[in-house]
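Coordinate analysis (summary)
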Amino acid sequence: MPQILQEPMQIRRLDSADAPAYQALRLHALQESPTAFGSSYEEERDTPIGMIETRLAPNPDRHVFGAFVEAQLVGMAGLVRESGLKARHRGFIRAMYVAPSHRGKGIARHLLTEALALAQRMPGLLQVTLSVTAGNESATALYRSFGFETYGVAPGALRVDGVLYDEVQMVRQLAAN
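These notes cover the structure that comes with them. Predicted, not measured: the structure shown is a model, and the values here were computed from it. Per chain, residue numbering runs from 1 following the sequence as it is written. In view of the model being predicted, local features appear only for residues whose pLDDT reaches at least 70, and side-chain atom pairs are presented and counted only at 80 or more, with totals across whole chains, interfaces and linings using the full set of residues. With hydrogens and water set aside, each side-chain value is computed from the structure's full complement of heavy atoms.

1. Topic: the nonpolar core
- With 30 residues, the main nonpolar core has Ile93, Leu111, Leu112, Tyr143 and Phe148 as its most contacted residues.
- Numbering of helices and strands starts at the N terminus; helices are DSSP runs of H or I of at least 4 residues and strands are runs of E of at least 2. Sorting the residues of this core by element identifies strand E2 (62-69), strand E3 (72-81), strand E4 (90-98), helix H4 (107-121), strand E5 (127-133), helix H5 (137-145) and strand E7 (163-173) as the ones contributing at least two each.
- In terms of residues, this core owes the most to one element, H4, which gives seven residues.
- Any pair of residues with heavy atoms lying within 4.5 Å of one another is described as a contacting pair. For isoleucine 93, the residues in contact, after removing those within four places along its chain, are Gly78, Leu79, Leu112, Ala115, Val128, Thr129, Leu130 and Phe148.
- Side-chain atoms within 4.5 Å link the members of a nonpolar core, which is a set of buried Ala, Val, Leu, Ile, Met, Phe, Trp, Tyr and Cys residues. Here's how the labels work: a residue is buried when its accessible area is under 20% of the maximum for its type, exposed when over 50%, partly exposed in between, all with a 1.4 Å probe on protein chains only. By size, the runner-up hydrophobic cluster in this structure holds 17 residues, among which are Leu25, Leu27, Leu30 and Ala99.

Rendered as structure tokens:
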């Protein structure tokens, strides 16, 4: 059971003004948990802030939620709708991360709650998928508690420092909307 968060916390969608804080947390995440992301620190460290601002600009099919504690961005989760006409009924959770200093306090649960609530309101969205590195039991347990089910494993999906890591692929069906 997660600890009760003592500090005031705010979950909200990020926008262009949040780009510097988002980029800092993202780069920290890529260094601290390299096996949790398909991107690498080396690929993203020189991304211009303007590109990050564009990614965070309002878009009905791409949302990034941030968790703030005492005005500091400590967690993030993305919700992206597939773009193809035949795949627009699917969304996916991406880039879920909570800084180590704030883990175990329910922040990831709050982020996922917000992302799934928005997914449920998106017209025509019927399912949400995600990938989690095999062996990340705390993340897998969180996703299962929200009704995600495993539908496959991508063997050796990531290669970090010469080591292959499997990715568990999960899906959650949404109520028809």
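2. Side note on the packing of aromatic side chains
- Stacked, tilted and edge-to-face pairs are distinguished by plane angle, under 30 degrees for stacked and over 60 for edge-to-face with tilted covering the rest, among Phe, Tyr and Trp rings (Trp via its six-membered ring) whose centres lie within 6.5 Å. Going through the model one piece at a time under the given rule, you end up with two aromatic pairs.
- When the ring of phenylalanine 37 is compared with that of tyrosine 97, the centres are 6.1 Å apart and the planes differ by 55°; the resulting orientation is tilted. Taken together, the positions of phenylalanine 37 in the loop between helix H1 (19-32) and helix H2 (41-44) and tyrosine 97 in strand E4 put the pair 60 residues apart, joining distant regions of the chain.
- The class of phenylalanine 37 is buried, set by a relative accessible area of 6%.
- A ring pair is formed by tyrosine 143 and phenylalanine 148, whose centres lie 6.0 Å apart and whose planes are at 65°; its orientation type is edge-to-face. With respect to burial, tyrosine 143 and phenylalanine 148 carry one shared label: buried.

3. Points about the sheet that holds E3
- Pairing between strands is defined by DSSP: at least two bridges between them are needed. Taking strand neighbours across the sheet as the criterion, the seven strands line up as E1-E2-E3-E4-E5-E7-E6 in an open arrangement whose pairing is mixed. Either end of the sheet is taken by a strand with one partner, and the two such strands are strand E1 (9-13) and strand E6 (149-160). Neighbouring strand axes in the sheet, compared pairwise and without regard to direction, differ in orientation by 25° on average.
- Two elements, E2 and E3, share eight bridges in a ladder whose sense is antiparallel. Within the sheet, the bridge partner assigned to alanine 67 lies in E3 and is glycine 75. Angles here are taken between N-to-C directions and fall from 0 to 180 degrees, while the axes themselves are lines fitted to C-alpha atoms, restricted in helices to the stretch in contact.

4. A look at the packing of H1 against helix H3 (residues 49-56)
- Interhelical geometry of H1 versus H3 gives an angle of 100° and a closest axis separation of 9 Å. Judged by the inter-axis angle, H1 sits roughly perpendicular to H3. Between H1, through Ala19, Pro20, Tyr22 and Gln23, and H3, the contact on the second element is made entirely by Ile49, Ile52, Glu53 and Leu56.
- Each residue belonging to the contact of H1 with H3 can be placed in one class, and the counts come to six nonpolar, one polar and one charged. Should an angle fall under 35 degrees it is taken as roughly parallel, and over 145 as roughly antiparallel, whereas 65 to 115 is taken as roughly perpendicular and any remaining angle as oblique. All amino acids are sorted into three groups, where Ala, Val, Leu, Ile, Met, Phe, Trp, Tyr, Cys and Pro are nonpolar, Asp, Glu, Lys and Arg are charged, and the leftover types, Gly among them, are polar.

5. Comments concerning the pairing of E4
- One ladder, built from six bridges, connects E3 with E4; its direction is antiparallel. Bridge pairing in E4 places glycine 75 opposite valine 98.
- Judged from the three bridges that link them, E4 and E5 form a sheet pairing that is parallel. Considered in E5, the bridge of glycine 91 is made with valine 128.
- Between the parallel pair E4 and E5, the chain is carried across by H4, and the sense of this crossover is right-handed. Clockwise travel from the first strand over the helix to the second, with the strands pointing away from the viewer, marks a crossover as right-handed.

6. Details of the pattern of salt bridges
- A pair is scored as a salt bridge if a Lys or Arg side-chain nitrogen falls within 4 Å of a carboxyl oxygen belonging to Asp or Glu. Summed over all chains, the structure comprises six salt bridges.
- Among the salt bridges present, the one from arginine 45 reaches aspartate 46, with a minimum N-O distance of 4.0 Å.
- A relative accessible area of 66% means that aspartate 46 is categorised as exposed.

7. Some words on the pairing of E6
- Two elements, E6 and E7, share eight bridges in a ladder whose sense is antiparallel. When the sheet's bridge partners are listed, glycine 152 is paired in E7 with glutamine 169.
- Joining the antiparallel neighbours E6 and E7 is a turn of two residues, in which aspartate 161 adopts a positive phi near 50°.

That's the geometry; what it means functionally is another story.
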